[in-house]
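Residues per chain, in single letters:
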Amino acid sequence: MKTYKLFENLGYEILNKGEDRLVSGVYCCDLLSVAMSKGKENAAWVTVMSNVNTVAVCTLVDMSCIVLADGSSVDEAMLEKAKEHNVCVMRSKLPVFETAKEIFDTLNLFGDRLEEYCD
Amino acid sequence: MSDKLRFHYEVSGEDFTRAGEASSDLKAKLKLMGASPEVVRKVAICMYEGEINMVIHACGGVIDVTISPADILLELKDVGPGIPDIEKAMQEGYSTASENIRSLGFGAGMGLSNMKKYSDEMKIDTVLGVGTTVTMRINM
């Protein structure tokens, strides 16, 4: 499943559209060094940490998109950086676990038909 | 002629909006050169952690990268305060980062241990009040 399909299904607020990338899993963490080391390629990254460095870590680890949980506020600098690096940033009103579960369930739901949604 | 490629980066201190730029640039270059995804990831982690350390603790510094067919050498040099107790600094979870830095998602005490874990060889030369040089080698 690609990012646009994902937020279409979940109704998240799109803060920066960025690149429409494949999403193949979910990763949750707010500590950047931990995310740097354990973050998974192509995962949707659910976090409440919203600053420029979140975008830097996302691109370095090659995660698909950033999903800010809990309606986290976001500053201009982060969005600028996301635009510059073509990173998709979305926002969910739900807390981290509920957001991650929702994404996980959506991925599972479309799992068998993943290919057709990636076209 | 030398078959080595060299890149030089200046890291400005206390500028969190630009922290990670050098790592992103190097990562893009390595990808273009066709380095394996695993090597790219290892280099990105080592370089980013080092870059962030320079910004947080040492008011910036310089990074020299040497790429050869066998390995990638990262040399990060700063003129910061130095590391008083390397053994302690290497411990996972130990951090001297300020509250302000922690609120940005750093200061988990994983920086140096991540660098050690993802590089094939790491050396720290530090002199109190003079500065620190961290050298890391990542095999291709």
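Predicted, not measured: the structure shown is a model, and the values here were computed from it.

This paragraph deals with the overall build of chain A. A count of helices and strands for chain A gives 6 helices and 5 strands. The order of helices and strands in chain A, counted from the N terminus, is α-β-β-α-β-α-β-α-β-α-α. Computed over the C-alpha atoms, the radius of gyration of chain A is 13 Å, within 12% of the 14 Å expected from 2.2 N^0.38 for a compact globule of 119 residues. Its C-alpha atoms give chain A principal-axis dimensions of about 35 × 25 × 25 Å. Per-residue burial for chain A yields a buried fraction of 46% across its 119 residues. Taking as baseline every contact in chain A between residues at least 6 positions apart, the subset at least 24 positions apart corresponds to 53%.

Bringing the sheet that holds strand S5 (residues 131–139) of chain B into the picture now. Strand-to-strand pairing in sheets goes through backbone hydrogen bonds, with the strands running parallel or antiparallel. Residues and elements named next belong to chain B. Reading across from one edge, S1-S2-S3-S5-S4 is the order of the 5 strands in this open sheet, with antiparallel pairing throughout. Edge strands, defined here as strands with exactly one partner in the open sheet, are strand S1 (5–12) and strand S4 (121–127). Across the sheet, the mean angle from the axis of one strand to that of its neighbour is 10°, orientation sign disregarded. Inspection of the sheet shows strand S3 (residues 71–78) paired to S5 by 8 bridges, in the antiparallel sense. Looking across to S5, one finds that Glu75 is bridged to Thr135. Each of S1, strand S2 (60–67), S3 and S5 touches helix H2 (residues 37–58); the most contacted strand, S3, lies at about 5° to it.

What follows covers the confidence of the model for chain A. When pLDDT is low, close inspection of the predicted coordinates is not appropriate. Within chain A, residue pLDDT values average 90, and 92% of them lie at 70 or more. Across chain A, element-level confidence peaks in strand S4 (residues 65–68) of chain A with a mean pLDDT of 97 and bottoms out in helix H6 (residues 114–118) of chain A with 49.

Time to look at the nonpolar core. Grouped together as the largest cluster of nonpolar side chains are 71 residues, with contacts concentrated most on Ala44, Trp45, Cys65 and Val67 of chain A together with Val43 and Cys46 of chain B. For this core, the leading source of residues is H2 of chain B, giving 12 residues. Sequence-distant contacts of Ala44 of chain A, that is, excluding residues within four places in its chain, are made with Leu6, Val23, Val26, Ser64, Cys65, Val67 and Ile103 of chain A.

Of the residues lining the interface, 15 residues belong to chain A; the matching set on chain B comes to 18 residues. Looking at the side of chain A that touches chain B, the elements with two or more residues in it are helix H2 (32–38) and helix H3 (52–61) of chain A. Here the residues of the side of chain A that touches chain B are counted per class, giving 9 nonpolar, 5 polar and 1 charged.

Quick look at the pairing of strand S5 (residues 88–91) of chain A now. Residues and elements named next belong to chain A. Where burial is concerned, the two faces of S5 agree: the one with Cys88 and Met90 and the one with Val89 and Arg91 are both buried. Relative to S5, strand S1 (residues 13–16) runs antiparallel, the two being bridged by 3 bridges. When the sheet's bridge partners are listed, Ile14 is paired in S5 with Met90. A crossover links S4 with its parallel partner S5, the connecting element being helix H4 (residues 76–85), and its sense is right-handed.

Conventions and cut-offs
Residues numbered from 1 in each chain as written. Chains lettered and ligands numbered in written order. Predicted model: local features only at pLDDT ≥ 70, side-chain atom pairs only at ≥ 80, totals over all residues. Helix = DSSP H or I, 4+ residues; strand = E, 2+ residues; numbered from the N terminus. Rg over C-alpha atoms; globule rule 2.2 N^0.38 Å. Buried ≥ 20, exposed ≤ 12 C-beta atoms within 10 Å, placed from the backbone. Contact = placed C-beta atoms within 7 Å. Pairing = 2+ DSSP bridges. Axes fitted to C-alpha atoms, helices over the stretch in contact; angles between N-to-C directions. pLDDT = per-residue confidence, 0-100. Core = buried A, V, L, I, M, F, W, Y, C linked by C-beta atoms within 7 Å. Nonpolar A, V, L, I, M, F, W, Y, C, P; charged D, E, K, R; others polar. Right-handed = clockwise from strand over helix to strand, strands pointing away.

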